[in-house]
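Chain and residue survey
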Amino acid sequence: MHICDLDLNMLGANGIVGGGVPIAVGAGFANRYRETDDVSVVFFGDGATNIGAFHEAANMAAALRLPVAFICENNEYAEYTRRDRTMAIDEVAERAAAYGMPSVVVDGMDAVAVWSATISALQWAREGKGPSFIECKTYRYYNHHGVQTLGMKYRPDEEVEEWKALDAIDRLEARIVLEQIMTEDDIAAVRESVAEEVQEAVVFAESSPDPDPLELLDHVYSEPGSAGQ
Amino acid sequence: MNELTDAGRELTYLAAFNEGMRQLMAEDPDVFVAGEDVGVQGGVFGSFAGLLEEFGERRMVDTPISEQAIVGLGTGAAVCGLRPVVDLMFMDFVMIAMDQIANQAAKLKYMFGGRASLPLTITTNAGAGLSAGAQHSQSLEAMLCHVPGLKVVAPSNPRDLKGLLIACVREDNPTVLIKHKKMFGVSGPVPQEMYEVPIGVATTVRSGTDLTVVAYSRMVVESLKAAELLAPEGIECEVIDLRTVQPLDIETVISSARRTNRVVVVHEAVRFGGLGGEIAAQVQEYAFDYLDGPVTRVAAPFSPVPFSPVLESRYIPDAARIAEGIRDCLGLQPANG
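So, the sheet that holds strand β2 (residues 68-74) of chain A
Residue and element names in this part refer to chain A.
- Strand order across the open sheet formed by four strands is β1-β2-β6-β5, with parallel pairing between neighbours. Because the sheet does not close on itself, it has two edges, and the strands there are β1 (40-45) and β5 (103-107). Adjacent strand axes in the sheet meet at a mean angle of 20 degrees when their direction is disregarded.
- Here β5 pairs with strand β6 (residues 132-137) via five bridges, running parallel. Bridged to Val106 within β6 is Cys136.
- Together, β1 and β2 form the strand contacts of helix α1 (residues 20-33), whose direction differs from that of β1 by roughly 170 degrees.
- Along the sheet, helix α4 (residues 111-126) contacts β2, β5 and β6; its crossing angle with β6, the most-contacted strand, is approximately 170 degrees.

Describing the interface of chain A and chain B
- Taken together, the 31 residues of chain A in the interface contact 38 residues of chain B.
- Contributing elements (two or more residues each) for the side of chain A that touches chain B: α1 and α2 (52-63) of chain A.
- Of all the elements, α1(A) adds the most residues to the side of chain A that touches chain B, at nine residues.
- Residue composition of the side of chain A that touches chain B, grouped by class: 19 nonpolar, ten polar and two charged.

Topic: unusual backbone geometry
- Geometrically, the link from B:Gln246 to B:Pro247 is a cis peptide bond, its omega value of 0 degrees lying close to zero.
- In this fold, B:Pro247 is placed in the loop between β12 (244-246) and α9 (250-260).
- Positive phi outside glycine occurs at A:Gln180, with the angle close to 55 degrees.
- Taking the number of C-beta atoms within 10 Å as the measure of exposure, A:Gln180 has 7 and is therefore exposed.
- Of note, B:Ser131 is a non-glycine position whose phi angle comes to about 55 degrees, a positive value.
- If you trace the backbone, B:Ser131 turns up in the loop between β5 (121-126) and α6 (141-145).

Details of the packing of α1(A) against α2(A)
Residue and element names in this part refer to chain A.
- Where α1 meets α2, the axes come as close as 8 Å, and the angle between the chain directions of the two elements is 20 degrees. Here α1 lies roughly parallel to α2, going by the angle between them. Crossing hand, α1 versus α2: left-handed. For the pair formed by α1 and α2, the contact residues are Val21, Pro22, Val25 and Gly28 on the first element and Ala53, Phe54, Glu56, Ala57, Met60 and Ala61 on the second.
- Classifying every residue of the contact of α1 with α2 gives eight nonpolar, one polar and one charged.

Describing the domain arrangement of chain B
Residue and element names in this part refer to chain B.
- Along its sequence, chain B is organised into domain 1 (10-189) and domain 2 (203-329).
- On a C-alpha basis, the centroid separation for the pair domain 1 and domain 2 is 26 Å.
- Counting residues at the interface gives 26 residues for domain 1, matched by 24 residues for domain 2.
- Those elements that provide at least two residues to the side of domain 1 that touches domain 2 are α6, β6 (151-153), α7 (158-170) and β7 (175-180).
- Here the residues of the side of domain 1 that touches domain 2 are counted per class, giving 13 nonpolar, nine polar and four charged.

Concerning the sheet that holds strand β11 (residues 237-241) of chain B
Residue and element names in this part refer to chain B.
- The sheet built from five strands is open, its strands ordered β9-β11-β10-β13-β14 with mixed pairing. The two strands at the open ends of the sheet, each matched to only one other strand, are β9 (203-206) and β14 (296-300). Taken over all neighbouring pairs, the strand axes of this sheet differ in orientation by 25 degrees on average, direction set aside.
- Judged from the three bridges that link them, strand β10 (residues 211-215) and strand β13 (residues 263-270) form a sheet pairing that is parallel. Note on β13: the bridge partner recorded for Thr212 is Val263.
- In the packing of helix α10 (residues 275-287) onto the sheet, the strands contacted are β10, β13 and β14, and the crossing angle to β13 comes to about 160 degrees.
- Contacts between helix α12 (residues 319-330) and the sheet are confined to β10, β11, β13 and β14, with β14 contributing the most and set at about 160 degrees to the helix.

Details of the packing of helix α8 (residues 219-230) of chain B against α12(B)
Residues and elements named next belong to chain B.
- Here α8 crosses α12 at 60 degrees, and the two axes come no closer than 8 Å. Taken together, the axis directions place α8 and α12 in an arrangement best described as oblique. Here α8 runs over α12; the crossing is right-handed. Residues Glu222, Ser223, Lys225, Ala226, Leu229 and Leu230 of α8 touch α12, and the partners they reach there are Ala319, Ile322, Ala323 and Ile326.
- The class makeup of the residues in the contact of α8 with α12 is seven nonpolar, one polar and two charged.

What counts and how
- Residues numbered from 1 in each chain as written.
- Chains lettered and ligands numbered in written order.
- Predicted model: local features only at pLDDT ≥ 70, side-chain atom pairs only at ≥ 80, totals over all residues.
- Pairing = 2+ DSSP bridges.
- Helix = DSSP H or I, 4+ residues; strand = E, 2+ residues; numbered from the N terminus.
- Axes fitted to C-alpha atoms, helices over the stretch in contact; angles between N-to-C directions.
- Contact = placed C-beta atoms within 7 Å.
- Nonpolar A, V, L, I, M, F, W, Y, C, P; charged D, E, K, R; others polar.
- Buried ≥ 20, exposed ≤ 12 C-beta atoms within 10 Å, placed from the backbone.
- Parallel < 35°, antiparallel > 145°, perpendicular 65-115°, else oblique.
- Left-handed = near helix turned anticlockwise from the far one by under 90°.
- Domains from an automatic or database assignment.

Okay, here's the thing in structure tokens:
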């Protein structure tokens, strides 16, 4: 869950649902403070828009006109509860209007539609117009945590199969072939190379040594040895 | 700080903070302030007065009443390399922002494997005595001290306030600076130049041989008064001002306890679960054989801070109550018989 890569300016997935949204607004503030062209892009689910931090952060970003793109991956479930049981609005994007920011609802299973909406959001922010909100209607094959896909009480198995038929990667591949950008063989080669990359990462992870137990208190504070009161 | 020349100049607690903040912003263009009413109004107590006029809206940011987003703004900006000062108007509001403080700011460096720096300073105003009621008067430092990753300071005088503010803002870890709001008008010598009071270093503000009083924030002032009350009776108290409450300078406390053999801990926060318990535990761990009696705690009763001035003055520990605690620790009868 806690992936991060500061070399890519990726400030971490967050263990607290919605907890990363205010931090993303802070990153947006830093971008504008430094007068860069950078835009802070924050990803969260439909469930995260029910936490107070989201609303405070959205309002703050809009009030200060910060360069932030709010991207909601609406997969219709918050942990193990269906969305229509936890919010009384039809579309999550309606929330953006309350903060005076523009929003758009896109088919989150259509990669090109998501790309196009994202370009618009980045351009909006770079023109100094402040934040905007994209709701991507999508689905999850796996669970809130864990890898079980079927046989869960909270959703019917048929629903998972219906969404899998709309798979974003399958649809993108079909479009690429149809538009003669790549051949099916090219795509198969990409799939194979990605699978290899993932396998290498698994091997790297499994073969990496465990940390030295003496590292326990490292990085609690920036200077070594100051932890452990 | 003795090497600094004061030339007898005195500033109030409030002005010392304001001067330190101004000097920090002049020194480092990455320092900015965000919080409720910090800009146009200059802070509800005037802590940030004049800074908007001097540094502009880009660096003095009035925010919505959104404590989570205020601390999140600081956390995100700090991870991105700025040096934010975010203000929570009253310490009670720390509780609103606790996810961003305790789960985010305090932990990101650790969760990022040390790759991130988090030079975030949270300033806030704590303490009772203004009849501000149960939700604007608390001393909640123990909750912050319980969270690994944070440093927490609680200065008792203008000189330490300015020096600790400068140390906090220059620090690469998240810090919380707790001002006591009943201290704003108190004056004391403050050097003009920029200086740091080191974080994590206590100071002995009164030497004595009979007993060690450990305090911080405004309770240092009351403890010194208590020591003066008892001096004519031949009771000589040593008074230690912790200045920083996380990390705790326990060495200074232990070294004193081994000489005086008795310890009284004083804080304005409620007694149960307060820092007094932690300090008492560490004193018995490191100085058990030197103690002539149990460590005594003088602190607020387990109650919300009352609004009524009559009840509030009974709630807050004062010199008389501290003196009683000292007598108790020494095994003496109460002064009134």
